[in-house]
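One-letter residues, chain by chain:
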Number of protein chains: 8
Amino acid sequence: MNKVAILMGSKNDLPDLKGAFELLDSFKIPYCVRVISAHRTPAEAANFATSAAEKGLKVIICAAGMAAHLAGVIAAHTILPVIGVPMACEPFNGLDSLLSTVQMPPGIPVATVSAGKAGAKNSALFAAAILALSDKDVAERLEQFRRDQSEQVRQADNEVSKQFEK
Amino acid sequence: MNKVAILMGSKNDLPDLKGAFELLDSFKIPYCVRVISAHRTPAEAANFATSAAEKGLKVIICAAGMAAHLAGVIAAHTILPVIGVPMACEPFNGLDSLLSTVQMPPGIPVATVSAGKAGAKNSALFAAAILALSDKDVAERLEQFRRDQSEQVRQADNEVSKQFEK
Amino acid sequence: MNKVAILMGSKNDLPDLKGAFELLDSFKIPYCVRVISAHRTPAEAANFATSAAEKGLKVIICAAGMAAHLAGVIAAHTILPVIGVPMACEPFNGLDSLLSTVQMPPGIPVATVSAGKAGAKNSALFAAAILALSDKDVAERLEQFRRDQSEQVRQADNEVSKQFEK
Amino acid sequence: MNKVAILMGSKNDLPDLKGAFELLDSFKIPYCVRVISAHRTPAEAANFATSAAEKGLKVIICAAGMAAHLAGVIAAHTILPVIGVPMACEPFNGLDSLLSTVQMPPGIPVATVSAGKAGAKNSALFAAAILALSDKDVAERLEQFRRDQSEQVRQADNEVSKQFEK
Amino acid sequence: MNKVAILMGSKNDLPDLKGAFELLDSFKIPYCVRVISAHRTPAEAANFATSAAEKGLKVIICAAGMAAHLAGVIAAHTILPVIGVPMACEPFNGLDSLLSTVQMPPGIPVATVSAGKAGAKNSALFAAAILALSDKDVAERLEQFRRDQSEQVRQADNEVSKQFEK
Amino acid sequence: MNKVAILMGSKNDLPDLKGAFELLDSFKIPYCVRVISAHRTPAEAANFATSAAEKGLKVIICAAGMAAHLAGVIAAHTILPVIGVPMACEPFNGLDSLLSTVQMPPGIPVATVSAGKAGAKNSALFAAAILALSDKDVAERLEQFRRDQSEQVRQADNEVSKQFEK
Amino acid sequence: MNKVAILMGSKNDLPDLKGAFELLDSFKIPYCVRVISAHRTPAEAANFATSAAEKGLKVIICAAGMAAHLAGVIAAHTILPVIGVPMACEPFNGLDSLLSTVQMPPGIPVATVSAGKAGAKNSALFAAAILALSDKDVAERLEQFRRDQSEQVRQADNEVSKQFEK
Amino acid sequence: MNKVAILMGSKNDLPDLKGAFELLDSFKIPYCVRVISAHRTPAEAANFATSAAEKGLKVIICAAGMAAHLAGVIAAHTILPVIGVPMACEPFNGLDSLLSTVQMPPGIPVATVSAGKAGAKNSALFAAAILALSDKDVAERLEQFRRDQSEQVRQADNEVSKQFEK
């Protein structure tokens, strides 16, 4: 049973979301991926959100660009935690999608992460953080990811600092 | 039968929309006013938009602040012309609502006017411009409004230019 | 008789407007295309706008970049609905043209759509939405466009969701 | 045992967070409130975050203004979900705190909500959404909150639409 | 015979332009003041600009807010130097008028000064600088203004530096 | 004797200024070109500006990027008209140079034109407009330039409008 | 002998700099305060900077608003560390002064601190940090300031956390 | 013994920092280079900063992108002067890192230089300026650098001005 759903407003967003898929895979968190548009398939958006909890989903990640309404529209129909990933499109490079995603009026929250690929990764990590609250395996894997990540920085530090030693 | 609907995301937007009401009244264009929230009453938003054309509505004006999704959500459910008025709220003063309203992805347009009170007036004028295409009385009143407006600038010009004559 | 005029401030804007031409063609809406500059051919701009209604035009689309004055100048001389498309130029990438187009002072509205190519498409769709009010054929084609567009999203959803099924 | 911690970078942020306290109270979610500065009490920040999970905390809300590092610093020391509330200070009115909070590099996510008071409320609602995943009572109260909220919009709609009926 | 014309898009801009009037008075530069709107009295704008050189005007100052088209429209109809003063209006506080004024496409320049009251003063000083090229009296008064201005800073420096001496 | 000086803060700005050189050449306005840095050769900047009027210069064009201080520093030492061209550099693409150039405090004006290449051209046109006030030949050439420019737009209009005729 | 000079572009900046004076006083760092304008008293600026090192000054703090050139102009004439404080003025609220101060081209650095009053304080703290490198008393006082500051946050934390204990 | 430490948040920043290394080398200032992440290796960051003064370091340069917390986190643990270099990353091109670095709350200053490569160079120059206060050799080399730099501008001026002589 899928725990996380990743929704994107357009198929074009798929490559930028790769980092999210890889992280969820590595955490062994089952997820589904959907193309749902707040504007072009609004009924699907409402239906998906309304029935998400029943299907066992715990977290919904929504990636969209421009006037990114997807996360807000989904959040309007469910009390599940909704994470918004502002995708960066020309010409405003994500300032439009960031403000459209994060500036939700009081009453319906969307948890927004960084714009673009960085945000895709962070959305998966945040979803894992939520699931880790009730799933020790995920918690362990997330902690391991953190340790590995720190270790990689330490190795880079080692290499770089040596390179500049005189 | 109402020709124009003015929707606002929150009752707090009412005072800023006064200019729109007055203009529609002066053009004798029948209109209704609704408080519908894309996020807090999404079903009402979808229902309203879906049935708007049947009710005889010709133009829908949507005023909303912050991550202003109202116009986009309404436009997703109707082919009627939807005009978006970005309301200016603290702390981003309408940059968020402007981008959230105007930057609609290709496929579902929202016609956006100036932010705040100026936009409220212009939304009514634009609605009148659309209706004037098939209603000579509205066209005449809109032309008269334009002439009066020009005349007011000319009078101001007269006063000011005299004040500075030496 | 042309129903829509598409004006651009510079011949360079032509490629970005292709989406608008294709959509109007697909809706069988007759249109003309003009290069008129608010600054370099201001008399042509005034003349065009002043006589647009007489020529049977119903909607004017104006695409311009930088300090985009074209839509505002045209709107100053006609009560026909004027749609502004902010073109994105270096170095400010459309922030200048967006604000120059949308922030019309109260009294003369310009209906602004998304910046750049997305806006070109949406301007045609909005023009169609206006014409659809009094032309059932256009209304039907616009509705069909919407259904096709939704269907495309559903197909993309199908492909993508299957690709991630395990 | 507290489930949520609300951290603020400065005591001055207290009034703007009132909406968060009231919502958590209404959901009967036990929470603690702390003044911890990423820059002036960094050891406290690290200690708090490191031991947060052991203390039974499930979600940490961090409100800070200007170069708002608090949420990021807390997130660096825990895998608990961290929600960032960008507080709006003069002269950049929250653009600084929004970008400082949301634009976390890949690897350490902060879930960011709207700037200022709206965000304070939404942070509490998002914390409740997370807790609701494993606490039916919270889920029920959150759903009731949503229903009440929708009802309030409907009542406002009723009042306003009647006021404009002719 | 007036050498400078100060045009404003709206009578409301009058108070912010006071600094310009006082400076031109102090330089004994004859000037006229007009309320002309690029959008509400476009014919007056075109006529004024077209005949400005014949009337003996040497410099035209245009102050306007929002999508400030006034300076560009005037510049389109004359080769006289046109100075633009972006007026700061809510909610975008002059970012809209600055970009609408300064970002003229290549071919028709507008010389833009600071936004608001500071710009009003600087527009008068820049007009004086142009006139000073062919009018020794104005040149002398402008140089005297500069010397006085420097002297005022020196006096402030004297006061402040003494206040802090120990 | 040179009438116009074109100063640039760095030799790298040379290619972007080509349009200015060509226009001044076409107007037969004699000009000199200098590389003077407000920060790296401040004495040269002060000396140049102080002696510019004596050398017969009438207008100074200053092109600089980033925290563009060149125009302001030059203007501080002369009453000659100073035109600022904000050059667009990575990463802020001219927003920094635009604000650094245009936002001069009251007392010392800099007349700012569009950012980048468009501004380079417009700076030459504005310099010509100033010189045209006392030089009929320049005035005539500038008017001819305008007519040619309009004619080019008309030709483009002709081509494009025919291309879309059906 | 003064170690630090605080320069402001206008006497109006005095109140916002109060925090800097108090901090330097508390650190017993002797300082002078000057009103020097990059644009209105450029010779004074150059002279001051050129002779600053000889007078025994170690650090120069420059506070200016709008197109804030003061810090850059001073830095151009001295190798002493120059700290820039962007003052926030209407209408761009410090975005102009921040970019004008921080975006110095490579070769002449200005160390920029926060905009406005916060920056005034931080400029004094940064000056103290520089002086502390060779003055143990200042180092000790700065460390004490830090401890006191942390203690104040801890006390606020105590008060606030108790207030919310149940 | 190293006098300066250059920290970067990610190994990817290395190429952009080359200018800093070269300048410090040319000034014969010994320095170390480290990869330390405020978020991924927070303990290393705290440890490094806490022990930096003891190790003889005098200045710490911190380069980071996005929500750049590195400089602030380091500054929180030391009274040594900390210089922040905002690195420019997609999609916000350094606006996020600039504001995250410079807008430090009062109490803990970070001296921020230009974004990107220009800032890398300026950070080295500013570090040299600080060290020059107590190291005559560095002072001399820095002054020589300034003279060479001015000379290069003068040579460019020579070349360019000759190229345009007629």
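Quick summary incoming for the structure in this document. (Residues numbered from 1 in each chain as written. Chains lettered and ligands numbered in written order. Predicted model: local features only at pLDDT ≥ 70, side-chain atom pairs only at ≥ 80, totals over all residues. Heavy atoms only, no water.)

## Describing the overall build of chain A
Secondary structure assignment for chain A yields six helices and five strands. Listed by position from the N terminus, the elements making up chain A come as β-α-β-α-β-α-β-α-β-α-α. A compact globule built from 166 residues would reach a C-alpha radius of gyration of about 15 Å, and chain A, at 17 Å, matches this within 12%. Every one of the 166 residues in chain A was classed for burial, and the buried ones make up 69%. When contacts within chain A are restricted to residue pairs at least 6 apart in sequence, those whose partners lie at least 24 apart make up 67%. (Helix = DSSP H or I, 4+ residues; strand = E, 2+ residues; numbered from the N terminus. Rg over C-alpha atoms; globule rule 2.2 N^0.38 Å. Buried < 20%, exposed > 50% of the residue type's maximum accessible area, 1.4 Å probe, protein only. Contact = heavy atoms within 4.5 Å.)

## Quick word on the interface of chain A and chain D
Taken together, the contact between chain A and chain D spans 39 residues of the former and 39 residues of the latter. Between chain A and chain D, roughly 3200 Å² of surface is buried when both sides are summed, and carbon and sulfur atoms account for 67% of that area. Linking chain A with chain D are zero salt bridges, by the criterion used here. The interface formed by chain A and chain D includes 19 residue pairs in polar contact (both at pLDDT 80 or more). Put simply, the parts of the chain that give the side of chain A that touches chain D at least two residues each are α3 (70–76), α4 (95–102), β5 (111–112), α5 (116–132) and α6 (136–163) of chain A. Among the elements that line the side of chain A that touches chain D, the one with the most residues is α5(A), at eight residues. (Buried area = accessible area lost by both parts, 1.4 Å probe. Salt bridge = Lys/Arg side-chain N within 4 Å of Asp/Glu carboxyl O. Polar contact = N/O pair within 3.5 Å; in protein donor to acceptor, adjacent residues only side chain to side chain.)

## Section: unusual backbone geometry
Each neighbour pair has its own omega, and for Glu90(D) with Pro91(D) the value is 0°, a cis peptide bond. Mapped onto the fold, Pro91(D) is located in the loop between β4 (82–87) and α4 (95–102). Positioned with a positive phi, Asn93(E) is a non-glycine residue whose angle comes to about 50°. Among the structural elements, Asn93(E) can be located in the loop between β4 (82–86) and α4 (95–102).

## What about helix α2 (residues 42–52) of chain D?
By the burial criterion, the buried members of α2(D) are Pro42(D), Ala45(D), Ala46(D), Phe48(D), Ala49(D), Ser51(D) and Ala52(D). Close packing links the buried residues of α2(D) with β1 (4–8), β2 (31–35), β3 (59–65) and α3 (70–75) of chain D together with α3 (70–76) of chain H.

## So, the packing of aromatic side chains
Geometrically, a pair of aromatic rings is defined through the distance of the ring centres and the angle of the planes. Under the defined criterion, the tally for this structure stands at 36 aromatic pairs over all chains. Arranged with centres 4.3 Å apart and planes meeting at 55°, the rings of Phe21(C) and Phe164(F) form a pair that is tilted. Pair noted here: Phe21(C) is in helix α1 (residues 18–26) and Phe164(F) is in the segment after α6 (136–163), and the two residues belong to different chains. By relative accessible area, which is 12% here, Phe164(F) ends up buried. With centroids separated by 5.8 Å and ring planes inclined at 85°, the aromatic side chains of Phe27(E) and Phe145(E) adopt a geometry described as edge-to-face. Taken together, the residues Phe27(E) in the loop between α1 (18–26) and β2 (31–35) and Phe145(E) in helix α6 (residues 136–163) connect sequence positions 118 residues apart. With respect to class, Phe27(E) is no different from Phe145(E); both count as buried. Ring-pair connections join several aromatic residues into one group, and the members of that group are Phe21(A), Tyr31(A) and Phe164(C). (Phe/Tyr/Trp six-rings, centres within 6.5 Å; stacked < 30°, edge-to-face > 60°.)

## As for the relation of the copies chain A and chain D
When chain A is fitted to chain D, the residual RMSD is 0.0 Å, and the transformation amounts to a turn of 180° plus an axial shift of 0.0 Å. What we have between these two chains is a two-fold relation. Comparing interface residues between copies, 100% of those in chain A also sit at the interface in chain D, which points to an isologous, same-surface contact. (Least-squares fit on C-alpha atoms with pLDDT ≥ 70 in both.)

## A closer look at the interface of chain D and chain G
Size of an interface, as often reported, equals the accessible area lost when the parts are brought together. Contacts between chain D and chain G engage 17 residues on the former and 20 residues on the latter. Interface area, chain D with chain G, both sides summed: about 1600 Å², of which 64% is carbon and sulfur. Three residues stand out in chain D for area buried against chain G, namely Val35(D), Arg40(D) and Phe92(D), and they jointly supply 33% of the buried area on that side. The tally of links from chain D across to chain G stands at three salt bridges. We note a salt bridge from Lys11(D) to Glu159(G), for which the minimum N-O separation is 2.7 Å. Taken together, the connections running from chain D to chain G amount to five residue pairs in polar contact (both at pLDDT 80 or more). Among the secondary structure elements, those contributing two or more residues to the side of chain D that touches chain G are α1 (18–26) and β2 of chain D. Looking at the side of chain D that touches chain G element by element, the count peaks at four residues for β2(D). Partitioned by chemical class, the residues of the side of chain D that touches chain G number 10 nonpolar, two polar and five charged. (Nonpolar A, V, L, I, M, F, W, Y, C, P; charged D, E, K, R; others polar.)

## Let's talk about the pattern of salt bridges
Residue and element names in this part refer to chain A. Counted under the stated rule, the structure contains 40 salt bridges over all chains. For lysine 18, the salt bridge goes to glutamate 22, with nearest N and O atoms at 3.8 Å. Within this pair, lysine 18 and its partner glutamate 22 are both found in helix α1 (residues 18–26), separated by four residues, close to a single helical turn. Given a relative accessible area of 52%, lysine 18 falls into the exposed group. With a relative accessible area of 46%, glutamate 22 lands in the partly exposed category.

## Re the relation of the copies chain D and chain G
Taken as rigid bodies, chain D and chain G are interconverted by a rotation of 90° and an axial shift of 0.0 Å, the fit giving an RMSD of 0.0 Å. Considering both components of the superposition, the chain copies are consistent with a four-fold axis.

## Thoughts on the packing of helix α1 (residues 18–26) of chain H against helix α5 (residues 116–132) of chain H
Residue and element names in this part refer to chain H. In contact at an axis separation of 7 Å, α1 and α5 are set at 30° when each is read in the N-to-C sense. Relative to α5, the element α1 lies roughly parallel. Taken as a pair, α1 and α5 cross one another with a handedness that is right-handed. For the pair α1 and α5, contact is made by Gly19, Ala20, Leu23 and Leu24 and by Ala120, Lys121, Ser123, Ala124 and Leu125, respectively. Here the residues of the contact of α1 with α5 are counted per class, giving six nonpolar, two polar and one charged. (Axes fitted to C-alpha atoms, helices over the stretch in contact; angles between N-to-C directions. Parallel < 35°, antiparallel > 145°, perpendicular 65-115°, else oblique. Left-handed = near helix turned anticlockwise from the far one by under 90°.)

## Some points on the environment of Ala5(C)
All names here are of chain C. Inspection of the secondary structure assignment puts alanine 5 in strand β1 (residues 4–8). In this structure the C-alpha to C-alpha distance between alanine 5 and alanine 38, which are 33 residues apart in sequence, comes to 15 Å. Contact partners of alanine 5, with chain neighbours within four places excluded, come to Cys32, Phe48, Leu57, Val59, Ile60 and Ile61.

## Overview of the side chain of Ser114(H)
When you line up the elements, Ser114(H) lands in the loop between β5 (111–112) and α5. The class of Ser114(H) is buried, set by a relative accessible area of 0%. Here Val102(G) takes part through its backbone oxygen, which lies 3.2 Å from a polar atom of the side chain of Ser114(H). A distance of 2.5 Å separates the side chain of Ser114(H) from the backbone oxygen of Met104(G), its partner in a polar contact. Look past the residues within four positions of Ser114(H) in its chain and what remains in contact with it is Met66(F), Val102(G), Gln103(G), Met104(G), Val85(H), Pro86(H), Gly119(H) and Asn122(H).

## Description of the packing of α5(A) against α6(A)
All names here are of chain A. Close contact between α5 and α6 brings their axes to 8 Å; oriented N to C, the two are set at 140°. Between α5 and α6, the interaxial angle falls into the category oblique. Handedness of the crossing formed by α5 with α6: left-handed. Touching Leu125, Ala128, Ala129, Leu131 and Ala132 of α5 are Val138, Ala139, Leu142 and Phe145, all from α6. Broken down by class, the residue content of the contact of α5 with α6 amounts to nine nonpolar, no polar and no charged.

## Some remarks on the side chain of Ser97(B)
Residue and element names in this part refer to chain B. Tracing the backbone shows serine 97 in helix α4 (residues 95–102). In this structure serine 97 comes out as buried when scored by relative accessible area, which is 0%. A polar contact is formed between the side chain of serine 97 and the backbone oxygen of methionine 87, at a distance of 2.7 Å. Those residues in contact with serine 97 that sit more than four places away from it in its chain are Ala64, Gly65, Met66, Ala68, Pro86 and Met87.

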